[in-house]
Amino acid sequence: MLQNKKILLGITGSIAAYKAAVLTRLLVKAGAEVKVVMTSSAKDFVTPLSLSTLSKNPVLTDLTTNDSWANHVMLGRWADVMLIAPLSCNTLAKMATGLCDNLLMAVYLSATCPVVVAPAMDEDMWHHQTTKNNLQKITTFGNQIIPVEHGELASGLVGEGRMAEPEAIVNWLHVFFLNEQELSGKKILITAGPTYEPIDPVRFIGNHSSGKMGVAIAEEIKKRGGEVTLVLGPSDIQVNGGIKTIHVTSAAEMFTACEKTFPSVDLAIMSAAVADYTPVDVAKEKIKKADHDLALTLTKTKDILKTLGSLKTPNQVLVGFALETNNEKEFALQKLHSKNADMIVLNSLQDAGAGFGYDTNKITIFDKTGNTYPFDMKSKKEVARDIVNTIIQQFYAKN
Ligand code: CTP
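Within each chain, residue numbers correspond to sequence positions counted from 1 in written order. Only residues with pLDDT of at least 70 are given local features in this predicted model, and only at 80 or more are side-chain atom pairs given and counted; all residues enter the totals for whole chains, interfaces and linings. Side-chain descriptors were evaluated using all non-hydrogen atoms of the structure, hydrogens and water having been removed beforehand.

(A) Structural view of the site of the ligand. A cutoff of 4 Å decides nearness: a residue is near a molecule or strand if any of its heavy atoms lies inside that distance of it. Surveying the vicinity of the ligand reveals 16 residues, the closest of which are Met-270, Ala-272, Leu-305, Lys-335 and Lys-339. The separation between an oxygen atom of the ligand and a polar main-chain atom of Met-270 is 2.7 Å. Here a polar contact is recorded for every N or O atom pair within 3.5 Å, except that within protein the pair must consist of a potential hydrogen donor and a potential acceptor, and residues adjacent in sequence are included only if both atoms are side-chain atoms. Measuring from an oxygen atom of the ligand, one finds a side-chain N or O atom of Asp-276 at 2.9 Å. Accessibility throughout is a Shrake-Rupley quantity obtained with a 1.4 Å probe, and a residue counts as covered only by protein chains that appear here. In the complex, the protein chains occlude 77% of the 570 Å² of accessible area that the ligand would expose alone. Numbering of helices and strands starts at the N terminus; helices are DSSP runs of H or I of at least 4 residues and strands are runs of E of at least 2. Secondary structure elements with two or more residues in the shell around the ligand: helix H11 (304-311) and strand S18 (317-324). Among the elements that make up the shell around the ligand, the one with the highest residue count is S18 (4 residues). Partitioned by chemical class, the residues of the shell around the ligand number 9 nonpolar, 2 polar and 5 charged. Residues are grouped as follows: Ala, Val, Leu, Ile, Met, Phe, Trp, Tyr, Cys and Pro are nonpolar; Asp, Glu, Lys and Arg are charged; every other residue, Gly included, is polar.

Put into structure tokens, the structure is as follows:
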């Protein structure tokens, strides 16, 4: 379950930091990719050299070193989970208040992945009301807590406050990732990218879609246990090896691939920017330049989403996209109903940073029961997570 999971391990100043070396070894052994961020006081308990050797990655401790700057934002986006183990009282207090005086806190405050902490402290500190308040507060931010254990403490006393053993933390993560597999056993069809409609052997009618949004959704679905078939229009984008991809060029080819795949899937998400019109005749040879103007006669392509909407069975879920420049909500709702989709994801080209080519997007989701889910501008990876979370909540929640 931890195979290829990206784990960002934050280590803070606590005697339990020595266990972080064993923890790192176990995580790597389980197939996870581990990157370590330490506070400077953690270095008093365990060396960066041990951790970089065990994690096979450089260990980061400072926001800046000589002439380089640690990109804390990218670290938080890279990870599938940020695990802070051990979590000291001091770092807990900073997390509760948002104090940002080191790299670990900068990563924490900018992390977009789930955050999990394994506290470690002496029993009296553990039972202090401030600790309780701070722990309660960080759970309201969505952070999850791996329970402390009872046993011998650094003070020599016996009681509660010991950090969970590395094996217990690894097991906790197994369960965590297992619970994230809400789409396990489900088959999902996704379209992404543009289509190119040939005019002659060297020219086509296309659009600016990069395929980034659809591929990010495919990757998120795979992470959540779904079995994805991605029908991808012409795009340079790299697709994760584990995703079955059918490469197509034209709207007609995309239609054929989708029509064939749809009957066997539980869910279809149509994020491709499909051409609405295609040349009636495709010239066999390159069209030569002439003195007169050239008129191309275009005919309508088949609407894939609408066709799948007409074929949909009661057990299938269909999600469409709407890309609009004006009257966004009205047009999106029209598409939702006229194409018999269950949900539609609107992105408006009026939002700066949203739409084709950007790494960010801003969406609003509408479902057919009248719910609206607006979201802020986010990276396409986060937007994909929002879309998949909304689909799961709406159609696959296990109560
Ligand atoms: N779509 C499709 N097949 C087409 C055209 C669109 O499957 N031939 C799907 C898109 O993948 C998207 C939804 O329909 O999920 C809406 O696409 P969009 O381009 O926003 O709208 P259109 O229906 O093409 O209408 P218009 O271009 O007039 O806005």
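(B) Broad picture of the pattern of salt bridges. In what follows, salt bridge is the name for a side-chain nitrogen of Lys or Arg lying within 4 Å of a carboxyl oxygen of Asp or Glu. Applying the stated criterion to the full structure yields 17 salt bridges. The partner of Asp-200 in a salt bridge is Arg-203, and the shortest N-O contact between them spans 2.4 Å. Partly exposed residues are those whose accessible area sits between 20% and 50% of the maximum for their type, while under 20% is buried and over 50% is exposed, using a 1.4 Å probe and protein chains only. Asp-200 sits in the buried class, given a relative accessible area of 3%. Exposure remark for Arg-203: the relative accessible area of 34% places this residue in the partly exposed category. Two residues, Asp-342 and Lys-312, come together in a salt bridge whose shortest N-O distance is 3.0 Å.

(C) Focus on the packing of helix H9 (residues 212-223) against helix H13 (residues 380-396). Axis definition: a line fitted to C-alpha atoms, over the contacting stretch in the case of helices. Angles run 0 to 180 degrees between N-to-C directions. The contact between H9 and H13 brings their axes to 8 Å, and the two run at 55°. One finds that H9 runs oblique with respect to H13. The crossing of H9 and H13 is right-handed. In this structure, H9 contributes Lys-212, Met-213, Ala-216, Ile-217, Glu-220, Ile-221 and Lys-223 to the contact, and H13 contributes Lys-380, Lys-381, Val-383, Ala-384, Arg-385, Ile-387 and Val-388. Counted by class, the contact of H9 with H13 contains 8 nonpolar, no polar and 6 charged residues. An angle below 35 degrees is treated as roughly parallel, one above 145 as roughly antiparallel, one from 65 to 115 as roughly perpendicular, and anything else as oblique. When the near helix sits turned anticlockwise from the far one by under a right angle, the crossing is termed left-handed; a clockwise turn instead gives a right-handed crossing. Note on contacts: a residue pair qualifies if any of its non-hydrogen atoms lie within 4.5 Å across the two residues.

(D) Quick look at the sheet that holds strand S21 (residues 363-367). By the convention used here, strands pair only if DSSP detects at least 2 bridges between them. If you trace the 8 strands from one edge of the open sheet to the other, you get S14-S13-S10-S15-S18-S19-S21-S22, paired in mixed fashion. Of all strands in the sheet, those bounded by a partner on one side alone are strand S14 (244-247) and strand S22 (372-374). Strand-to-strand twist across the sheet, computed as the mean angle between neighbouring axes with direction ignored, equals 15°.

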